[in-house]
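# Architecture at a glance
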Amino acid sequence: MNAIEIPFQGETLCALASGALLWRARDLLIVSDLHLGKSERIARRRGTMLPPYETRATLERLEADLAATGANGVLCLGDSFDDLDAATGLEPQDRAHLVSLIEGRAWHWVEGNHDPGPAGLPGVHHAELVMGPLTFRHIAEPGAQGELSGHYHPKLGLPGCGEARACLLFDATRMILPAYGAYTGGMPATAPELRALIGSPGFAVLTGSKPLLVPYPARAGAGRGRRRF
Amino acid sequence: MTALPPLFDDWFAKRGWSIHPHQREMLARADAPALMLIAPTGGGKTLAGFLPTLAELADGSHKGLHTLYVSPLKALATDIRRNLTIPVEEMGLPIRIEDRTGDTKQTAKKRQRADPPHILLTTPESLALMISYEDAPRIFAGLKRIVVDEIHALMEGKRGDQLMLSLGRLETLAPGLRRVGLSATVEDPEALASLLAKHPEPCEIIEADPGPDPDISMLRTEAPPPWAGAGGGYAVREVLEQVKKHKTTLIFHNTRAQAEIFFHKLWLANEDDLPIGIHHGSLSRQVRANVEAAMVAGELKAIVCTGSLDLGIDWGDVDLVIQIGAPKNVKRLVQRIGRANHRYNAPSKALLVPANRFEVVECMAALEAVKAHELDGSPRGPGPLDVLCQHIMITACAGPFDEDALFAEVKTVGPYAGISRAQFDDCLDFVATGGYALRAYDKWKRLLQRPDGLWQLRDPRSALRIRMNIGTIQDADMLKVRMRGGGGRPLGEVEEGFASSLTPGDTFLIGGQVVRYETLREMTVEVTRRADREPRIATYAGAKMPTSAQLAHRILDDLQRPDWPELPRHTRDWLHLQREVSKMPERGRILVETFEHDGRHHACFHTFAGRHAQQTLGLLLTRRMETLGLHPLGFVGTDYATLVWGLDELTDPAPLFEAHELREGLEGWLTSNAVMKRTFRGVASIAGLIEKNLPQVRKTGKQATFSSDILYDTLAKYDPDHLILRVTRDEAMRGLVDFARVEEMLERTKGRVDLVRAARPTPLAAAMLLERDRVPVAGAGRERLAEQEAARLLKESGLAAFGAPTVAGV
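Residues numbered from 1 in each chain as written. Chains lettered and ligands numbered in written order. Predicted model: local features only at pLDDT ≥ 70, side-chain atom pairs only at ≥ 80, totals over all residues.

This brings us to the nonpolar core. Val148(B), Leu196(B), Ile251(B) and Val304(B) are the most contacted members of the largest nonpolar core, which has 223 residues in total. Not counting chain neighbours up to four residues away, the residues in contact with Leu196(B) comprise Ala34(B), Met36(B), Val148(B), Ile151(B), Arg179(B), Gly181(B), Cys203(B) and Gly414(B). Membership of the second largest hydrophobic core comes to 65 residues, among which are Ala3(A), Leu158(A), Leu169(A) and Leu194(A). (Core = buried A, V, L, I, M, F, W, Y, C linked by C-beta atoms within 7 Å. Buried ≥ 20, exposed ≤ 12 C-beta atoms within 10 Å, placed from the backbone. Contact = placed C-beta atoms within 7 Å.)

Pasting the structure below:
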């Protein structure tokens, strides 16, 4: 599997095509914004019944990444569940699938704005987490050093190369991970919220069939809008 | 038989009018349960539809709603109200007439519900909304007649299917309701009539005298039309000349973008300051209303328009219709021509302006067809199930319903007469539970079956959301455009995708003005008048229609003639040259031309299957060529041909057209394709799987929203037989994929392929090189291009050295 190796704060992190990040030295796979149980939450709150397969799709992707990397640890960077009721409302087979992935692995749940508390699953719950030089929290904080976060679902398109894709953003001090969940949209990487966080020089790694490393765009206009609902 | 009260005869006599024979006939047969009038524009069709109503209401004894009039356009409803009010007031009839559309104010709507007028003029969407109200039975209880205007246009799409379902409901609420359809000239009146009637009852048809043949010809221009394109800009000067010579001219375009561009060019050339307006569906209501008012008042010399003016609005003194771009189908051309000279028994005058060289030929063929009174059209399939799903939700909004009764009702609806119980149950299951193979939503069902067997909404509050999403019109997400600091006055709308591609300072055309993009604020595009750059072209929804099969055949036959004396010199010479250096395409053969151009191998397939089918063919052919190792890089499809370019030469085209191979290719390709995703988007929102309109203010650019493409991919992977995917597949095959036209082409050519290897682009193929809508082929080559682009960006940025992120195996 191709990956982009990124030297970061004295460590080496590998960006995978799926949007996961591998910290080889710690045997840790880092993913963010799984939004498991999103369709159930939407059905509960809005009454529209989206195809209830996003949890399965997301877990299958995660399972494939774990098999390919052989990682024994997983760190979920928040918004792992679309809300805490969605965590308890998982379909039995989806829940069993998730538990089978957790079993035998060091599993860290960092909380997010959608899941601000333990979700009643195996693994360790953290508000935020520090490991060596790296700090893991869901929402980036201004001025942080060596911080990995999620929350924004950044996406970016290349001129002339089709639709925007979910992407990892990073500069020398922070990384913002793409959303890993199947039913997740994106915020253009050039939105003011993200511009305020990513310094220069900054980079993006686009997800897709292969990870693509590109410079963080210097001006607006790169992230094209998609139809949303 | 309804007799006309003497009052009416006096009124007619006073105006010097006499009743047309078909208007009398409509009165005579006013008791028919279903009645359809086919009459040309200007034949007093609408009055014919209303005369029985006016006669029945004249004595003032009827209380409540008597006649519902449904038209495809809001403008038409308003226009008819105005026109109908005149005789009613002048004769002093005790009749209240009101209209109700999406534009009607909330207070007026409320009053109409409490105290309905005698005659209510509305649209299919507003009617569907009214049917969703709990008090629908009371509102419609006394309803006697429903008049469906421009039924030929409505029944071309899902709006007609929805309307007919609403009629089925109304029949239950007001038994004995009489149905009247008013139609322009169509190729198969019986088929149309059978959709209107309560199935399986018959529908009587009255055909009015079609009037004299139109006076129609091609506009002669000094400059020849360009090789490709669709704008007609080369003819601006001659069009202005014609506008000057006539009282009022309608200038029709096939798309909104073309109308905007042409209007802009017209203004630049309009040295005499002729009053000219523009009218299309993306302009704001206010802008459209102003143009309509000015038009009625006779203040405009010309109006640049699209299909939004296609229908029977009475524009008074229109004496010339100009059609820019080939009309694509003869029926629509005939109906458009009917806009000119709105007087019975006077010939309509029309001019065609072909937009490019090939369209000259198409216009010639269309003229012949009009002369021969040959209309085209293809039968529509049965009523689509996504519309039925929405109808079930609408029914549930009105109150608890019995599934057997609803099924029986749906079976009486023309387009759904053939529906099976299993299909109906599928739709009901989808609405109630989502219809997934994984039964995940038992707790959150949309509909619940009560102990007494009736179905009802689980959460009554969901009625609000359902009502907000009623309708079958699929526009891309549009953003309002406002002048900065211009108060509450929107100029119109542009597609969200277009808006997001703008950077501050970019300029674009809207409502004929060049405006400068400043910022996007809360779903509104803010612009200013400082326009100092060449405008970009806004994109609008509204796909181009393909040339009809009948017209394509006529073109092919015309190409076989030894000469074309009626054509302008430039086009004749061009066709003769084609014959000289290559061949003329034939109806029964496939002509393939190959040549090198710009360092790429090109192959042009002249198969005349219409735009959609030619694009499908492009996808299928390039797929086959990719497996054959010919490295196709892209293609472009027009109504007449598909041009493919790539790295290697095609030397043996015949095997590409093996019907079996093509069909197999279709199966594999269909699931993962953009056309399917686009079709899915429409089907899913009509069926209520996704909701476009939400009660709270919609957010933009936030991570909480995601594309419907993701839903499509997920469903295709985990639940490929889901109802919505089945409906999507059916619709795509009939619509944008248009595989029937590919089949038709294969059938008429039966594997007879001619290959012409040319040294340079042939005359017919050369025009293709200039076509805009080029489609890149997503093969191995394109993936490499993305990688190259990424590498180039990285290198250009001079950042490659920083921290040296590298590609490595994991």
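The structure having been displayed, the exposition proceeds.
Turning to the domain arrangement of chain B, a few remarks are in order. Under the domain assignment used here, chain B contains domain 1 (6–207), domain 2 (215–371), domain 3 (390–468), domain 4 (478–528) and domain 5 (582–780). For domain 2 of chain B versus domain 3 of chain B, the separation of C-alpha centres amounts to 45 Å. (Domains from an automatic or database assignment.)

Turning to the sheet that holds strand 5 (residues 145–148) of chain B, a few remarks are in order. Consider a sheet: its strands pair through backbone hydrogen bonds, and that pairing is either parallel or antiparallel. All names here are of chain B. The seven strands lie next to each other as 3-4-2-5-6-1-7, forming an open sheet whose pairing is parallel. Every other strand in the sheet has two partners, leaving strand 3 (97–100) and strand 7 (204–207) as the edge strands with one partner each. The sheet shows a mean angle of 15 degrees between the axes of neighbouring strands, direction not considered. The pairing of strand 2 (residues 67–70) with strand 5 spans four bridges and is classified as parallel. Residue pairing for strand 5: Val 70 is matched across the bridge by Val 148. Sitting on the sheet, helix 10 (residues 189–196) is in contact with strand 1 (34–38), strand 5, strand 6 (178–183) and strand 7, with an inclination near 145 degrees to strand 1. (Pairing = 2+ DSSP bridges. Helix = DSSP H or I, 4+ residues; strand = E, 2+ residues; numbered from the N terminus. Axes fitted to C-alpha atoms, helices over the stretch in contact; angles between N-to-C directions.)

Residue and element names in this part refer to chain B. Within the open sheet, the six strands sit side by side as 25-21-22-24-23-26. Their pairing is mixed. One side of each edge strand has no neighbouring strand; the edge strands of this open sheet are strand 25 (753–757) and strand 26 (775–776). The pairing of strand 21 (residues 590–597) with strand 25 spans five bridges and is parallel. Residue pairing across strands places Val 592 opposite Leu 755, the latter belonging to strand 25.

All names here are of chain B. Note on placement: Asp 103 falls in the loop between strand 3 and helix 5 (106–114). The exposure class assigned to Asp 103 is partly exposed, which follows from the 15 C-beta atoms found within 10 Å. Each C-alpha atom of the pair Asp 103 and Arg 285 lies 8.2 Å from the other, and the pair is 182 residues apart in sequence. For Asp 103, the residues in contact, after removing those within four places along its chain, are Lys 74 and Arg 285.

Residue and element names in this part refer to chain B. Mapped onto the elements, Glu 134 comes out in the loop between helix 6 (124–131) and helix 7 (136–140). Classification of Glu 134 by C-beta neighbours within 10 Å gives exposed; the count is 11. Measuring from C-alpha to C-alpha, the distance between Glu 134 and Ala 396 comes to 9.5 Å, with 262 residues separating the pair along the chain. Each residue touching Glu 134, except ones within four places of it in the same chain, is listed here: Ala 398 and Gly 399.

It is worth spelling out the packing of helix 9 (residues 158–173) of chain B against helix 16 (residues 385–398) of chain B at this point. Residue and element names in this part refer to chain B. Here helix 9 crosses helix 16 at 35 degrees, and the two axes come no closer than 10 Å. Relative to helix 16, the crossing made by helix 9 is right-handed. Together, Lys 158, Asp 161, Gln 162, Leu 165 and Arg 169 of helix 9 and Val 387, Leu 388, His 391 and Thr 395 of helix 16 make up the contact between the two elements. Residues belonging to the contact of helix 9 with helix 16 are distributed by class as follows: three nonpolar, three polar and three charged. (Left-handed = near helix turned anticlockwise from the far one by under 90°. Nonpolar A, V, L, I, M, F, W, Y, C, P; charged D, E, K, R; others polar.)

This part is about the confidence of the model for chain B. Per-residue pLDDT for chain B has a mean of 86; in total, 90% of the residues score no lower than 70. As a predicted assembly, this complex carries a pTM of 0.85 together with an ipTM value of 0.89. (pLDDT = per-residue confidence, 0-100.)

To continue, consider the packing of helix 2 (residues 54–69) of chain A against helix 4 (residues 92–102) of chain A. For any two helices packed against each other, one specifies the crossing angle of their axes together with the interaxial distance. Residues and elements named next belong to chain A. The geometry of helix 2 relative to helix 4 is characterised by a closest axis approach of 10 Å and an angle of 20 degrees between their N-to-C directions. For the element pair helix 2 / helix 4, the angle class is roughly parallel. Regarding helix 2 and helix 4, the two cross each other, and that crossing is left-handed. On helix 4, the residues that touch Thr 55, Arg 56, Leu 59, Leu 62, Glu 63 and Leu 66 of helix 2 are Asp 94, His 97, Leu 98 and Leu 101. Looking at the contact of helix 2 with helix 4 residue by residue, the classes come out as five nonpolar, two polar and three charged. (Parallel < 35°, antiparallel > 145°, perpendicular 65-115°, else oblique.)

What follows concerns the environment of Pro460(B). Examined against the element boundaries, Pro460(B) turns out to sit in the loop between strand 15 (455–457) and helix 19 (462–468). Between the C-alpha atom of Pro460(B) and that of Thr255(B), which follows or precedes it by 205 residues, the distance is 41 Å.

Before going further, it helps to examine the confidence of the model for chain A. The predicted structure's coordinates, where accompanied by low pLDDT, should not be read in detail. Scored by pLDDT, chain A has a mean of 90; 93% of the residues are at 70 or more. pLDDT under 50 marks residues 220–229 of chain A. Its contacts with residues more than four places away, or in other chains, come to 38 contacts.

Below, the discussion takes up the pairing of strand 1 (residues 2–8) of chain A. For a regular strand, the rule is simple: side chains alternate between the two faces of the sheet. All names here are of chain A. The buried fraction of strand 1 amounts to five of the seven residues, a majority that puts the element mostly inside the structure. Here six bridges tie strand 1 to strand 2 (residues 11–16), and the two strands are oriented antiparallel to one another. Paired with Ile 4 across the strands is Ala 15, a residue of strand 2. The hairpin formed by strand 1 and strand 2 contains two residues between the paired strands, and Gln 9 there has a positive phi angle of roughly 55 degrees.

Right, let's get into unusual backbone geometry. Cis geometry is adopted by the peptide bond preceding Pro201(A), which originates at Ser200(A) and carries an omega value of 0 degrees. Among the secondary structure elements, Pro201(A) is positioned in the loop between helix 5 (192–195) and strand 15 (203–206). In this model, His199(B) is joined to Pro200(B) through a cis peptide bond whose omega is 0 degrees. Along the polypeptide, Pro200(B) turns up in the loop between helix 10 and strand 7. Backbone geometry places His151(A), a non-glycine residue, at a positive phi of 75 degrees. Backbone geometry places Asp273(B), a non-glycine residue, at a positive phi of 50 degrees. For Asp273(B), a count of 7 C-beta atoms within 10 Å puts it in the exposed group.

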